[in-house]
Amino acid sequence: MSELNTKIYKQDDDSGIAKAVKALQSDGLVAFPTETVYGLGANALKEDAAAKIYAAKGRPSDNPLIVHIADTKAVYDLASEVPETATMLMEAFWPGPLTIILPKKNIVPDGTTGGLKTVAIRMPSHPVALSLIKESGLYIAAPSANTSGRPSPTEASHVAEDMMGKIDVILDGGAVGIGIESTIVDLTGDIPTILRPGFITKSMLEKIVGPVKIDPALINPDPSLRPKAPGMKYTHYAPKGELTIVEDKNQTKATTSDKVISLINQLTSEKEAEGYKVAVIASEDNAPLYTCNHILIAGDSSKGETVAAKLYAILRKCDSLEVEYIYSEAFNKGELGSAIMNRLLKAAGQRVIQV
Ligand code: TXA
Ligand code: MG
């Protein structure tokens, strides 16, 4: 692939959206902010444009893309059936961090859906994303704008790290608000099923549509269960150093137990004594209790949204610091606990020490 001259535009630069629209209309690639993470967009209805996304990310071709829209009417262009559960969820959560899976119409190319007969659709709430979709007059296929396997970008500088020379435009909208990817709900079966946990939780969905299931492959470590969202089977987010989560199995409060803190201190001082570069991922409240040289503060463990907002930037920071071993507290309490731990466990390759 030949090098592209990637242009970065700040949100207050009015020429940015126009340049981005032009790139999308010529089947190019544009990274843009959404409220969850930065997306890497292309014309969703053009197979050749979508193919460029896979090349830029190094993404496996069986991993389908989410189609981003700015008007609920678009759902009827893209999906062959729209059940009542879909209209209820659209009404309740769009624009916002929810993706729905529906049977696709033929205009959605197989290149966008990884050969699946279903399509993932989301209406983001970020004003830059909405303007881009509206002004281009296109539906925009967009995965997260990271190199496949790396943490999703939550700042334009993360996109630049992975995508300079590979895409046409980066729209810099500053740091995103939520920080983890949208909740994905499959509406093609009898009962709505969560394929990826996110900011919109199971209980929030159940208030609108009644009982909701979770894809069994997300909760059962049995590797023979295949997740229904193809992307959920891949290793993801992993920093270059070896990440281990240290967790107190019997703990109920959001604050981390003394046992966890003392074990992390023991492990980090052992590794540092052996000459390794080591980091700890800690909640704000516990950070002063660690002795390690590099302490990365993930937010307030009793407020999951503060952890979600910082998690990916911290995983990237581990790489820029070139740390070789990383020990993290578990952030499993509260409404967002399962969404955060789903990402952290992947980043850790499921390595957990229970105290
Ligand atoms: O918040 C988000 O959803 C962000 C922003 C940019 O909108 N996008 C994002 O896209 O996270 P990506 O490509 O990184 O993740 C999409 C996930 C993958 O796990 C993929 O397998 C799944 O959605 N997916 C897409 N289409 C699907 C389908 N038809 N059936 C099941 N899973 C699907
Ligand atoms: Mg992704």
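Colleague: When you look at the layout of surface pockets in this model, what are you seeing that I'm missing?
Modeller: In this approach, a probe sized like a water molecule rolls over the atoms, and the result shows the empty space that is left. Within this model, the largest pocket holds a volume of roughly 880 Å³. Contributing to the lining of the largest pocket are 31 residues, with Ala217, Leu218, Ile219, Asn342 and Gln350 lying nearest its centre. Put simply, the parts of the chain that give the lining of the largest pocket at least two residues each are helix 9 (216–219) and helix 12 (337–347). Ranked by residues supplied to the lining of the largest pocket, first place goes to helix 12 with 6 residues. Grouping the constituent residues of the lining of the largest pocket by class yields 15 nonpolar, 11 polar and 5 charged. Taken as a whole, the second largest pocket encloses approximately 750 Å³ of empty space. No other element matches strand 6 (residues 118–122), which puts 4 residues into the lining of the second largest pocket. In terms of residue class, the lining of the second largest pocket is built from 20 nonpolar, 17 polar and 10 charged.

Colleague: Would you take a moment to explain the packing of helix 4 (residues 84–93) against helix 8 (residues 202–209) for this structure?
Modeller: The packing of two helices is summarised by the inter-axis angle and the distance between the axes. Helix 8 packs onto helix 4 with a crossing angle of 120° between their chain directions and a minimal axis gap of 9 Å. It follows that helix 4 is oblique to helix 8 by the angle criterion. Considering only the axes of helix 4 and helix 8, their crossing is right-handed. Residues Thr85, Met88, Leu89, Ala92 and Phe93 of helix 4 lie in contact with helix 8, whose contacting residues are Met204, Leu205, Ile208 and Val209. Looking at the contact of helix 4 with helix 8 residue by residue, the class counts come to 8 nonpolar, 1 polar and no charged.

Colleague: Would you take a moment to explain the sheet that holds strand 13 (residues 278–282) for this structure?
Modeller: Sheet architecture is open: 5 strands sit in the order 14-13-15-12-16, paired in parallel fashion. The open sheet has two edge strands, strand 14 (294–297) and strand 16 (352–354), and neither has a second partner. Each adjacent strand pair in this sheet contributes to an overall mean axis angle of 25°, direction not counted. As judged from the 5 bridges shared by strand 12 (residues 242–247) and strand 15 (residues 325–329), these two strands associate in the parallel manner. For isoleucine 245, the partnering residue across the bridge sits in strand 15 and is serine 328. The strands touched by helix 10 (residues 258–273) within the sheet are strand 12, strand 13, strand 15 and strand 16, with strand 15 carrying the most contacts at an inclination of about 175°. Packed on one face of the sheet, helix 11 (residues 304–321) meets strand 12, strand 13, strand 14 and strand 15 and runs near 160° to strand 14.

Colleague: Would you take a moment to explain the environment of alanine 129 for this structure?
Modeller: Within the secondary structure, alanine 129 sits in helix 6 (residues 127–136). Judged by relative accessible area, alanine 129 falls into the buried class, the value being 0%. Along the chain, alanine 129 and tyrosine 38 lie 91 residues apart, while their C-alpha atoms are 9.5 Å from each other. In this view, alanine 129 contacts Phe32, Pro33, Thr34 and Pro124; residues no more than four positions away in its chain are not counted.

Colleague: Sorry, what's going on with the site of ligand 1 here?
Modeller: The environment of ligand 1 is formed by 28 residues, the closest being Thr36, Asn63, His68, Ser182 and Gly231. Separating an oxygen atom of ligand 1 from a side-chain N or O atom of asparagine 63 is a distance of 2.7 Å. The side chain of threonine 118 places a nitrogen or oxygen atom 3.0 Å from a nitrogen atom of ligand 1. Summarising the interface, the protein chains cover 97% of the accessible area of ligand 1, which totals 690 Å² for the free molecule. Judged by its atoms lying within 2 Å of the grid points, ligand 1 is housed in the second largest pocket. Those elements giving two or more residues to the shell around ligand 1 turn out to be strand 4 (66–68), strand 6 and strand 10 (193–196). Considering every element that reaches the shell around ligand 1, the biggest residue donor is strand 6, with 4 residues.

What counts and what doesn't
Residues numbered from 1 in each chain as written. Chains lettered and ligands numbered in written order. Predicted model: local features only at pLDDT ≥ 70, side-chain atom pairs only at ≥ 80, totals over all residues. Heavy atoms only, no water. 1 Å grid on protein atoms, 1.4 Å probe; cavity = no way out; pocket = protein on both sides within 12 Å on 5 of 7 lines; lining within 4 Å. Points joined across faces, edges and corners; volume = space filled by probe spheres on them. Helix = DSSP H or I, 4+ residues; strand = E, 2+ residues; numbered from the N terminus. Nonpolar A, V, L, I, M, F, W, Y, C, P; charged D, E, K, R; others polar. Axes fitted to C-alpha atoms, helices over the stretch in contact; angles between N-to-C directions. Parallel < 35°, antiparallel > 145°, perpendicular 65-115°, else oblique. Left-handed = near helix turned anticlockwise from the far one by under 90°. Contact = heavy atoms within 4.5 Å. Pairing = 2+ DSSP bridges. Buried < 20%, exposed > 50% of the residue type's maximum accessible area, 1.4 Å probe, protein only. Near = heavy atom within 4 Å. Polar contact = N/O pair within 3.5 Å; in protein donor to acceptor, adjacent residues only side chain to side chain. Areas by Shrake-Rupley, 256 points an atom, 1.4 Å probe, with all protein chains shown as cover. Sits in = over half its atoms within 2 Å of the grid points.

Keep in mind these numbers describe shape, not what the thing actually does.
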